[in-house]
Every structure is written in C-alpha cells, then in structure tokens.
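# Coordinate inspection notes
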Amino acid sequence: MSARQIHISGVVQGVGFRPFVYELAQRCSLVGWVRNTSAGVDIAVQGEEAAVESFLFHLTHDAPPLAHIDSIEVKTIAMDGFATFEIQESESVAGAFQPVSPDVALCAECERELFDPGDRRYLYPFINCTHCGPRFTIIRDLPYDRPATSLADFALCANCQREYTDPADRRFHAQPVACPTCGPHVWLNEKGKTVGERLEAILQTRRLLREGKIVAVKGLGGFHLACDATNAEAVAELRRRKGRVGKPFALMAADIQTVEDLCAVNTAERQLLTGREKPIVILKRRTTNVTGAVVDEVAPNVDTLGMMLPYTPLHQLLLNQTNPTLAAEPAPRVLVMTSGNLSEEPILTDNKAARSQLATLADAFLFHNRDIDQRCDDSVIRVVDGQPLHQRRSRGYAPYPVKLPFNVPTILATGGELKNTFCLTRDQYAFLSQHIGDMENVETMVAFEKSQAHLKRLFRIEPTAIVHDLHPGYLTTRWARRQSLPLIEVQHHHAHIAACMADNGLTGETPVIGLAFDGTGYGTDGTIWGGEVLIADFKTFRRYAHLEPLPLPGGDAATRHPWRTAVGYATALGLSMRALALLQGVDPQAVLIVEAQVRKMLNTPLTSSLGRLFDAVAALAGGRTTVTYEAQAAIEMEAAARQITADVPVYPIYWDEVGGTRLVRLRECLRAIITDAQRDETFGYIGARFHRTLAALAMRLCVDAKRETGLNQVALSGGVWQNTLLLELTVAGLKAEGFEVLTHRQTPANDGGLALGQAVIAAKQME
Ligand code: ZN
Ligand code: ZN
Ligand code: FE
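This part takes up the overall build of the protein chain. From N to C terminus, the protein chain includes 23 helices and 30 strands. Dimensions of the protein chain, computed from C-alpha atoms along their principal axes, come out at roughly 90 × 60 × 50 Å. Per-residue burial over the protein chain gives 62% buried out of 767 residues. Residue pairs in contact within the protein chain that sit at least 24 positions apart in sequence constitute 72% of those at least 6 positions apart. Accessible surface, the protein chain: about 27700 Å² in total, of which carbon and sulfur atoms supply 50%. Averaging the positions of the 77 positive and the 86 negative side-chain charges in the protein chain gives two centres separated by 3 Å.

See below:
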C-alpha cells in the first residue's frame, strides 16, 4: 500500500475536474479525497502502488476537455486510513490563486437536451453542464463555487440538487446548474411593460425580429442589439439609431450551413465557428447571390462578414429553424448582433441601465435575471494561413493567461487608449483582461477600474508597480499618475514588439527585428510613430528604421479625414498641386486652408505612422477622403487590392541613413501613386501595388538589419497587421529570405495586446 498527496494548478475548477478525479479514483480502487482550493485542486489517494501509478498517469492524460493543467506536484505521504474516496468542501488558501475558465459555448449534449421534448430542460434558455456554460462572466470570487457566482440567489430544486451532488451525473458540481423550476428565466419588455415570459417571450421575440424590429437581447457578457440581417430597412434603422454609419455589424447565423451559404469557410474557420469559444470569425463573403442573403448595409464596401454561431441556449432558441414548437413563430436565419451600447461606451450588462440607455435604440428588450458579473464582449478572429489571428480577445478567451517563460513581479500594465485591455502579472502568468474598449469616456474608465478590481481579487494580485504608455494625454497614463505606486513608462511600439515576443514564448533576452506597423503611438522624440523597424529585446530598443516624419494637419482630425493627411504629406513633399485635384469630394477651399496650416505647422504634429500613410494613399488613389470608423480607408483599400490577382510592379521606395537610423523616403512612391491615379488606374490596382511595395520594403529593411546585426527573428506587431493581404505578402517575402517570422498567436497584434508587452518590459526593468 502507498499514498500520495497531489497538488494541481491551472484551469481545474469549473471544468469537471473533481468528478473526473472521483471517478478515476473509484476505477483504480483508491481511497482518499479531492477538494478545490483557491490555489487549484488538492488530492490525496491511497491504495496499491500499481493502482496509484495508474491513477497518476490517467490524471494527466485523460483530464476533462476544458481542464488545462499548468503544474502538478506529487509527494508521498504517510498512510492515513481513509475508508472511501470523497469530495471535500472547498478550502480557501490565503494569497493563493488559480486561473479561471473563460465562458464556454453550449455543448453538444446540452444542445441535444435543449431540443428533446422529453427532457426536463426542454427549450430552457439557461441549460448548462460541467463542460459548458457561463464561467468568467458569473464568477465573483474564488474558489469557484456556487455561492461565489451570480447564481448564488437561485436555490437548487430537488432534481438539480440531486444532479449537482451525484458524482456520476454530468452536472455534478456544475456551479451554474439550473432548470425551469429553480433557475433564471427570460421575459420580454415592450414599451415598459412585460408582454411575455419564458417560452412566450422567446416566441414573441422571434416574431418581432421577423417583423423587422430591433430587440435588445441580454446575453452572456452583455446586451446585444439584434435585428434581421436580411431586412434592409431594419439594418438601416439600426444604423440610424446607433449613429453608426459604415462600420460592419457582427452577424449570428442559425447554423453552420447558413454561414457556408453566405461565406467561404475553410477547416480552421469551421473549427473556430463550431468550437467551444465560438468567436466572431471574419469570413470571405461569397459574391454569388443566395436566397435570403444578408443585405449589403450590414457590411458596406468590404468583402468580408463577421459571423458567429449561437453560443448560448438562449441564442439557439432565437435562431432555431427546425424545432416544431419554435416554428410557430418563424425566425430570421441570420441576425445582426451588435453590442448593446451607446456608440463607444462599454457594452451594457445590467437590466436597469439597459432599459434606460437603450430606450431609443431598441423596440423591445429580452431580459433575464441571471446577473452578468463581468462584462465580456464577443471575441473577433480572422484566420490567415490556417492560423487564428485575434482582433479582439474577449469572450471565450479572457481571462485565460499567457504563460511566460520566466517569473514576474506583480505588475499592472494599463494598456493603450483604443481597444484597451490591461494586464496583471504574477508568478509565470500574464492575465490579459477582456476587451475594455476605447478610453474616451467616463463609462469606459469606470469599466476599466471595475474589471481591474475584479481580476486583482480573483487572482490575488496586489501590483507593486504600474506601467503606462509614454503618451501624456492617454487617459490610462493620467489614471496611472493618480495612483500611489511606482510608475514605469513604456514606448508604444516597443510594447507592441515585446507583446509579440511574449506571445511566442520568448524570454526577451536576445533581441529581434521588430516591424511595428501601426496607427499611431507616442515616440521618445515627441513625434507620433507608427512605421517603425525596431531592434528590440525586453529591456531596451533601438529605432533601426522608420518612415520619414510628415505633417498630420489637425492631429486627430486627420485620422478622421484622410484627405487632410494626403494634403499634409503632398505639401511637405512638394506634390501638392497635382495631388489636389485627386481628392474626391473635398472642398478646394478647405484644401487651401489645410495647406496653409501645414506650411505654418499649426496644430500639425509630425508622424511616421504607416496607418496614416495608408490613409493618405487611399485618399489619393480614389478611395475614401473621410472615414466613419478606425482604419476604414485601409480596410477598403485591402478589399479592393485583393481583387487584383495579376502580378503588379512595386512603387519606387528607398531610404537614407541619417544618424544611424534609416529614414524611408516617400516622395517617389507618392509621386508614382499620384501618376497612376491621374492615369485613372483603379483604386484596387494602386492598392495592390502599394501593398506589394510595403511588403518589399519590409523585406529589404529586414535583410539590411540582419546583415548588420546577425538577427534572424522578425516580430510583426501593430494594428496594421490586421491587414491580412499585407501580412500574407510580408510573411511570404520574409520566409523566402530565410527569416523566422513571429506573429501574434494568443493575443491581438493591435492595441488590444499592448498591455502584455508593457508588462514584460516592466518586469525586466524591475529585475
Ligand atoms: Zn453542456
Ligand atoms: Zn432545478
Ligand atoms: Fe498601436
């Protein structure tokens, strides 16, 4: 006989780990106990030596699908005379912590029960089990037990209690377990009155959606505004009410077949759509018309659609096309599902707040009474080369940590201004928060502070330092300066490259060649950077090359009006006379005023941003002169450029060496683009040439840097890499030259991944 005590850390709570251990111990004829602690799961087993060995083997090899074991410690203990194997009460260990499971989409088994008329949870919108359902969004504290979730107030009925306490049941210790008798329910509110409850509310919601109404639907991590995506009037009305002009809406389709009718879907994309995270996947839209197709207003001027499948039982009930009971009120096959918020504010989670703030946006509200403790937006992913690229890492992924190859102190990294996420570190973990949003208003700032307090409590992290961006005007910088902790400043693009390195598991001891291709970020010289080649490790960086700094008339105003950037660049490069005529729909008088502004350098910062170069080129090449959402001009140019499949020549582009840095000169490139535009070459053709020019430039600069430094690893980071055409061309070019190319895998390349880079840089500086 022998006995062992085992401590396991990782995502091991809320994923069916204890029932798995219980069952395994029974099978191996072992006695002892298992319990959750706030540091993981502790186990003690006793039995024949061979049986104990077998138990240990299966413990790591057959763990439940959602479990993620980070470490396992085993020690031999004295025999203790256990009589049975039991599951003990959870224990809280002071200061200990463990990762929390993200929310998990409805599993196949629960889906089957949901539509089984004989099941007691038939058509019940909150069905879940040990392997699926809400997690992060309902957890208030650790250890993860029902009283520490937003289900605390729902006392289990006898049936649920039996399932919850039966180790052989697939709902054993499923903390959010619920049924129609004892669990949360839905109701429909129209014009301030409840007009239907439970199944009736679902049926009435389906009817409203079919009739073209806009319904605010409370989901997993917040409210959505939903409407029929095949109804042009409904979509146009939603745009009007939200004040959202052109930015694509996310869609939710009834089933994978509907997605494939609308978009080309490859294997990797299908896995994401149907897997346990079920993010929004950006897919190539089919050009052939299909009956009941979504209307163009959903995503104007782009060749993609952001699609997801129902990830909660409630969504299943709203979109199901086959169940006879639901078919009494036919529902649209595809819904617009956009965040329920006022333009740039955080997604709403609370019934009362939603009712007042979405009153002018929604015709009706589908409410429920399971509180959303943590706000969590839908994640957005695009697949390139079979690899998922995160554009927004939130539901289904947060707060799962990035594991680092070294230990870090407890740090809070505040992230950037747009698409903010923050990062908390301890031990070997970097916990990147869910998507917080654009730090432009008080509401987002409040969400930032609330999520921070929550993650600090969950993971038992008391930061010893705060990291912020160099930009003095960022709300995150100002917030950091109000705290009474040591501050560390990190340059924006250094953080981008470090984020990509940490994402790829690098230790950051040896430098890489970093291509920080980005919108805008504050530089160490007070100008705005964004077209940077850095030689960077975690400790430090050097600006190896960058685009030549050019005037950005009006700063932020230029970001919204690409024609202003075009005028700024053309004026500075002596190309203004010819450029002027190309700016479509722009008042010539306004152009003259901006020209004068540039000459006097009034409110005209200098920038080396590649994002702004995209804007200027788009405006000159017949694209957008004004944008209604971030990077719209570049996104549309990418879509147009993809239509050109023939080989096109690159534009002339070269650099000067000035004081040890390579300055990429843009005059000849822009002059050639203007010439193409004057010859009425298409937007797509010019776009295709421009993309190839940038890929070739990146490759040549890397070859140059390699010759000088001997470095062979290239890290790609910054928002511009969401341009998948540029990404594909650049990666192919670099690989052909023998470079090892690092791209973001677990985190976004845009500012949503910035905090991770800030954290690892600060950690190294604190050593
Ligand atoms: Zn399930
Ligand atoms: Zn029940
Ligand atoms: Fe950035």
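With that out of the way, let us pick up the sheet that holds strand β4 (residues 68–76). Overall, mixed pairing links the five strands, which are arranged β4-β1-β3-β2-β5 in an open sheet. The open sheet has two edge strands with one neighbour each: β4 and β5 (85–87). Averaged over all adjacent pairs, the angle separating strand axes in this sheet is 15°, with direction ignored. Pairing analysis gives seven bridges linking strand β2 (residues 31–37) to strand β3 (residues 40–47), with the strands arranged antiparallel. Its bridge partner being in β3, Thr 37 is matched across the sheet by Gly 40. Sitting on the sheet, helix α1 (residues 17–27) is in contact with β1 (2–11), β2, β3, β4 and β5, with an inclination near 175° to β5.

When a metal carries six donors in an octahedron, the ideal angles between them are 90 or 180 degrees, while four donors in a tetrahedron ideally lie at 109.5 degrees. Bound to the iron ion (ligand 3) on the protein side are His 492 (NE2), His 496 (NE2), Asp 518 (OD), Asp 518 (OD) and Asp 751 (OD), at distances that span 2.1 to 2.8 Å. Summarised as a motif, the one-chain spacing of the donors to the iron ion (ligand 3) is H-x3-H-x21-D-x232-D. Placement of His 496 in helix α13 (residues 492–503) and of Asp 518 in strand β22 (residues 512–522) is noted, with a sequence separation of 22 residues between them. Here His 496 falls in the buried class, since its relative accessible area comes to 1%. Taking the relative accessible area as the measure of exposure, Asp 518 reaches 3% and is therefore buried.

Another point: the pattern of salt bridges. On inspection of all chains with the given rule, the structure shows 45 salt bridges. Salt-bridge contacts for Asp 704 lead to Arg 662; the nearest nitrogen and oxygen are separated by 3.2 Å. With Asp 704 in helix α21 (residues 683–709) and Arg 662 in strand β28 (residues 661–665), this pair connects stretches of sequence that are 42 residues apart. By relative accessible area, which is 16% here, Asp 704 ends up buried. The salt bridge partner of Asp 704 is Arg 707, with a shortest N-O separation of 3.1 Å. In this pair, Asp 704 and Arg 707 are both assigned in helix α21, three residues apart and thus about one turn of the helix distant. When salt bridges with common partners are traced through the structure, they connect Glu 113, Arg 120, Arg 121, Glu 163, Arg 170 and Arg 171 into a single cluster.

Around the zinc ion (ligand 1), the protein contributes the donor atoms Cys 107 (SG), Cys 110 (SG), Cys 129 (SG) and Cys 132 (SG), which lie 2.3 to 2.4 Å from the metal centre. Relative to the metal, the four donor atoms surrounding the zinc ion (ligand 1) lie at angles of 104 to 118°, and the coordination shape comes out tetrahedral. Mapped onto the sequence, the donors of the zinc ion (ligand 1) take the spacing C-x2-C-x18-C-x2-C. Here Cys 107, found in the loop between β5 and α3 (108–114), pairs with Cys 129, found in the loop between α3 and α4 (158–165); they are 22 residues apart in sequence, far enough to count as distant. Residue classification places Cys 107 among the buried positions, given a relative accessible area of 16%.

Packing of helix α19 (residues 632–642) against helix α22 (residues 724–736) leaves a shortest axis separation of 9 Å and a crossing angle of 60°. It follows that α19 is oblique to α22 by the angle criterion. Residues Glu 638, Ala 641 and Arg 642 of α19 form the contact with α22, whose own contacting residues are Thr 724, Leu 725 and Glu 728.

Okay, the state of the cysteines next. Between two cysteines, a covalent bond joining their sulfur atoms is known as a disulfide. Applying the stated criterion across every chain, the model contains zero disulfides. The thiol of Cys 423 is not disulfide-bonded; the next cysteine sulfur, from Cys 500, is found 15 Å away. Since its relative accessible area comes to 0%, Cys 423 is described here as buried.

A word on unusual backbone geometry. The omega torsion of the bond from Leu 142 to Pro 143 falls at 0°, within 30 degrees of zero and hence cis. Structurally, Pro 143 can be placed in the loop between α3 and α4. Cis geometry is found at the peptide bond from Ala 398 to Pro 399, where omega equals 5°. With respect to the helices and strands, Pro 399 occurs in the loop between β17 (387–392) and β18 (402–413). In this model, Leu 123 sits at a positive phi of 60°, which is unusual for a non-glycine residue. Tracing the chain through its elements places Leu 123 in the loop between α3 and α4. Leu 123 sits in the buried class, given a relative accessible area of 9%. The backbone phi angle of Lys 191 is positive, close to 50°, even though this residue is not glycine.

The subject of this paragraph is the pairing of strand β29 (residues 713–717). Burial analysis of β29 places four of its five residues in the buried class, the great majority of the element. For β22 and β29, the ladder comprises four bridges, and the chain directions are parallel. In the strand pairing of β29, Ile 513 is matched with Val 714. Bridge count for β29 against strand β30 (residues 740–742) is three bridges, and the pairing is parallel. Residue pairing for β30: Ala 715 is matched across the bridge by Leu 742. Chirality of the crossover, the property in question, places the unit of β29, α22 and β30 among those that are right-handed.

Criteria and thresholds
- Residues numbered from 1 in each chain as written.
- Chains lettered and ligands numbered in written order.
- Predicted model: local features only at pLDDT ≥ 70, side-chain atom pairs only at ≥ 80, totals over all residues.
- Heavy atoms only, no water.
- Helix = DSSP H or I, 4+ residues; strand = E, 2+ residues; numbered from the N terminus.
- Buried < 20%, exposed > 50% of the residue type's maximum accessible area, 1.4 Å probe, protein only.
- Contact = heavy atoms within 4.5 Å.
- Areas by Shrake-Rupley, 256 points an atom, 1.4 Å probe, with all protein chains shown as cover.
- Lys, Arg positive; Asp, Glu negative; His and termini not counted.
- Charge placed at Lys NZ, Arg CZ, Asp CG, Glu CD.
- Pairing = 2+ DSSP bridges.
- Axes fitted to C-alpha atoms, helices over the stretch in contact; angles between N-to-C directions.
- Donors = N, O, S within 2.8 Å, 3.2 Å for Na, K, Ca; no water.
- Salt bridge = Lys/Arg side-chain N within 4 Å of Asp/Glu carboxyl O.
- Tetrahedral: all angles 85-135°; square planar, octahedral: opposite > 155°, others 65-115°.
- Parallel < 35°, antiparallel > 145°, perpendicular 65-115°, else oblique.
- Disulfide = S-S within 2.5 Å.
- Right-handed = clockwise from strand over helix to strand, strands pointing away.

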